[in-house]
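Structural description and commentary
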Amino acid sequence: MDTARSIASGPARTAATPKPAAGRFVPAVSAEQARARAYSMPLEDFDVSKGKLFQADAHWPFFERLRREEPVHYCRQSYSGPYWSITKYHDIMKVEVDHQTFSSDSALGGIGLSDRPSDFRYPSFIAMDEPEHRPQRMAVAPMFTPTGLAQFEDTIRARVGIILDGLPRNETFNWVERVSIELTTQMLATLFDFPFEERRRLTYWSDIATANLNAGIIASEEERDTILQECFARFVELWNERVNAEPRSDLISMLAHSPATRNMDRNTYFGNIILLTVGGNDTTRNSISGGLFALNQFPDQYRKLRDDPALVDALVPEIIRWQTPLAYMRRTALRDVEFADKQIKKGDKVVMWYVSGNRDEEVFERPDDFIIGRAKGKNHLSFGFGIHRCVGLRLAELQLRVLWQEILKRFPVIEVVGEPKRVLSSFIRGYEVLPVRIPAA
Ligand code: HEM
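Residues numbered from 1 in each chain as written. Predicted model: local features only at pLDDT ≥ 70, side-chain atom pairs only at ≥ 80, totals over all residues. Heavy atoms only, no water.

Moving on, we get to the overall build of the protein. A count of helical and extended segments in the protein gives 15 helices and 12 strands. A globule of 441 residues ought to have a C-alpha radius of gyration of about 22 Å, and the protein, at 21 Å, matches this closely. The proportion of buried residues among the 441 residues of the protein is 58%. Placing the 57 positive and 59 negative side-chain charges of the protein at their respective mean positions leaves the two points 3 Å apart. (Helix = DSSP H or I, 4+ residues; strand = E, 2+ residues; numbered from the N terminus. Rg over C-alpha atoms; globule rule 2.2 N^0.38 Å. Buried < 20%, exposed > 50% of the residue type's maximum accessible area, 1.4 Å probe, protein only. Lys, Arg positive; Asp, Glu negative; His and termini not counted. Charge placed at Lys NZ, Arg CZ, Asp CG, Glu CD.)

What follows is the structure in structure tokens.
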């Protein structure tokens, strides 16, 4: 940056798994309908990148069939052009670790399936290859080490307590709004040392940055960019405050003082701010919602947890596996390569479907079921793998652990009382609405 010290669901069930118990919710597209469609359509017509498929929670049998019949699959035509799907756990690992062949570089299209028009591209270190990526990651990594995070546990616990104690009893409310968004936004404001009373702007900007153009939130890339400029202007003010002050332990100060990032250009600063905002926001938010939904879908597991709250440690990775808050990451092939008997060409888009790898029957037994303490539960793919493995994963786990410890101290049960409304996206697996009720004490 130029600074002369100042700048500018319910899963589709296999025959082997038990039928849903009475009281579970039936999605808009039934599992049977989705399955019939997935198994009648020719494989060459498969396009699993459709947001609507995910919004209807109807994607499971499509991935199940791909894993069985064509685990590395080429989609010739989609909204975002042709792309390869990698659907099996071990194949995803192979792509993740081979960053010499499979690039994350934003100049080639980055980590999302749609290439954003170049005018609106903000580089961030998640969408960089080596040697650029590592120094920028290292600039913020100290925040997320066990020592860096130790400073936050008491704060998180206190805030969780306030949020939970303020929830209504015997009344239906939206868990996403009252708990998931509120908690993650408070956390994000703390990480940036962003003015606390303005924290909902972070949520808004995060939603804008990731909104699907068909979701009715924004109408065009131009509109997205206009709104994001407000975000950037606010973060420039904060940078200017921090760059001339003593280094502190918030993310903006870390970026402003680290040798790797203090001279980055404005667009890279903006890109990294969006990365840290989205990274810390949507993902954890949807794990918080997804965990409660899962426990209601699998009441035996909820009972097991209530009977032994020490299981919270094992609950956390299972929530993150089962929910898989980011369905995929994309790479671009830097050379022609033979992969699982397929010929991937230089420049091809390659999509690692974590959402499918996390349900790979060869790695996880009864993968569609939510099982606290399952074998290999911590080996899920939700945080990615290799050089880009989520830098904030310990923070996400900490938030979920503290939240569930505090929930179990207070509420014998939180009931999901209606079908959730899911986000229209094949990238973010999330919830807009999760109606719940806490019975009167
Ligand atoms: C359950 C919650 C979370 C999930 C599922 C998640 C998932 C991911 C995934 C899949 C990646 C990319 C991995 C790859 O390309 O191999 C990633 C990277 C990243 N995440 Fe997370 N994340 C979560 C929470 C967080 C939090 C709380 C933060 C912090 C604010 C964060 C910040 C980042 C950053 C900065 C990167 C880029 C790392 C790099 O490129 O080196 N994430 N995350």
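After that view, the rundown keeps rolling.
Moving on: the sheet that holds strand β5 (residues 328–333). Spatially, the five strands line up as an open sheet ordered β1-β2-β8-β5-β3, and their pairing is mixed. Of all the strands in the sheet, just β1 (72–75) and β3 (102–103) have a single pairing partner and so form its edges. In this structure, β3 lies alongside β5, joined through two bridges in antiparallel fashion. What sits directly across from S103, in β5, is T332. (Pairing = 2+ DSSP bridges.)

With that settled, consider the pattern of salt bridges. Pairing between side chains becomes possible if they bear opposite charge and their charged atoms approach one another. The final tally for this structure, using the stated rule, is 36 salt bridges. A salt bridge links R200 to E182; its shortest N-O distance comes to 2.7 Å. On the criterion of sequence distance, the pair formed by R200 in helix α8 (residues 200–210) and E182 in helix α7 (residues 175–192) is long-range, its members being 18 residues apart. Residue classification places E182 among the buried positions, given a relative accessible area of 11%. Between D282 and R285 there is a salt bridge, with the nearest N and O atoms lying 3.4 Å from each other. With D282 and R285 both in helix α11 (residues 266–297) and three residues apart, the pair spans about one turn of that helix. (Salt bridge = Lys/Arg side-chain N within 4 Å of Asp/Glu carboxyl O.)

Quick look at the nonpolar core now. One finds W175, F192, F235, W353 and W404 to be the most contacted residues of the largest nonpolar core, which totals 136 residues. The greatest single-element share of this core, amounting to 12 residues, is contributed by α11. If near-sequence neighbours (up to four positions away) are discounted, W175 is found in contact with L164, L167, S180, I288, S289, L292, I407, I414, L434 and V436. (Core = buried A, V, L, I, M, F, W, Y, C linked by side-chain atoms within 4.5 Å. Contact = heavy atoms within 4.5 Å.)

Below, the discussion takes up the site of the ligand. In the region of the ligand, 29 residues are neighbours, and E96, H133, R137, H388 and C390 sit closest. One of the side-chain nitrogen or oxygen atoms of E96 is found 2.8 Å away from an oxygen atom of the ligand. A distance of 3.2 Å is found between a nitrogen atom of the ligand and a backbone nitrogen or oxygen belonging to G279. Sorting the residues of the shell around the ligand by element identifies α5 (133–140), α11 and β5 as the ones contributing at least two each. Per-element accounting of the shell around the ligand gives the leading share, seven residues, to α11. Grouping the amino acids of the shell around the ligand by side-chain chemistry returns 16 nonpolar, 10 polar and three charged. (Near = heavy atom within 4 Å. Polar contact = N/O pair within 3.5 Å; in protein donor to acceptor, adjacent residues only side chain to side chain. Nonpolar A, V, L, I, M, F, W, Y, C, P; charged D, E, K, R; others polar.)

This paragraph deals with the environment of T268. Note that T268 resides in helix α11. Among the residues examined, T268 registers a relative accessible area of 6% and is labelled buried. With sequence-adjacent residues up to four places away left out, T268 is seen in contact with P123, M128 and Q136.

Attention shifts here to the packing of aromatic side chains. All told, the structure shown has 24 aromatic pairs when counted by the stated rule. Each member of the aromatic cluster is reached from another via a ring pair, and the members are F54, F63, Y328, W353 and F427. Sitting over the ring of Y302, R306 keeps its end group 4.8 Å from the ring centre. (Phe/Tyr/Trp six-rings, centres within 6.5 Å; stacked < 30°, edge-to-face > 60°. Lys NZ or Arg CZ within 6 Å of the ring centre and 35° of its normal.)

All right, on to the pairing of strand β8 (residues 349–353) then. Among the five residues of β8, five are classified as buried, and the element is accordingly described as predominantly covered. Residues of β8 alternate between two faces, with K349, V351 and W353 on one and V350 and M352 on the opposite face, all of them buried. Judged from the three bridges that link them, strand β2 (residues 83–86) and β8 form a sheet pairing that is parallel. Bridged to I86 within β8 is M352.

The strand order β4-β12-β9 describes an open sheet built from three strands, whose pairing is antiparallel. A single partner strand is all that each edge strand has here, and the edge strands are β4 (172–174) and β9 (415–416). Pairing analysis gives three bridges linking β4 to strand β12 (residues 435–437), with the strands arranged antiparallel. Residue pairing for β12: T172 is matched across the bridge by R437. Against the sheet, α7 makes contact with β4 and β12, and its axis sits at roughly 45° relative to β4, the strand it touches most. (Axes fitted to C-alpha atoms, helices over the stretch in contact; angles between N-to-C directions.)

The space that makes up the largest cavity amounts to roughly 60 Å³. In this structure, the largest cavity is lined by F54, Q55, H59, Q323, R422, V423, S425, I428, R429, G430 and Y431. Split into classes, the residues belonging to the lining of the largest cavity amount to four nonpolar, five polar and two charged. (1 Å grid on protein atoms, 1.4 Å probe; cavity = no way out; pocket = protein on both sides within 12 Å on 5 of 7 lines; lining within 4 Å. Points joined across faces, edges and corners; volume = space filled by probe spheres on them.)

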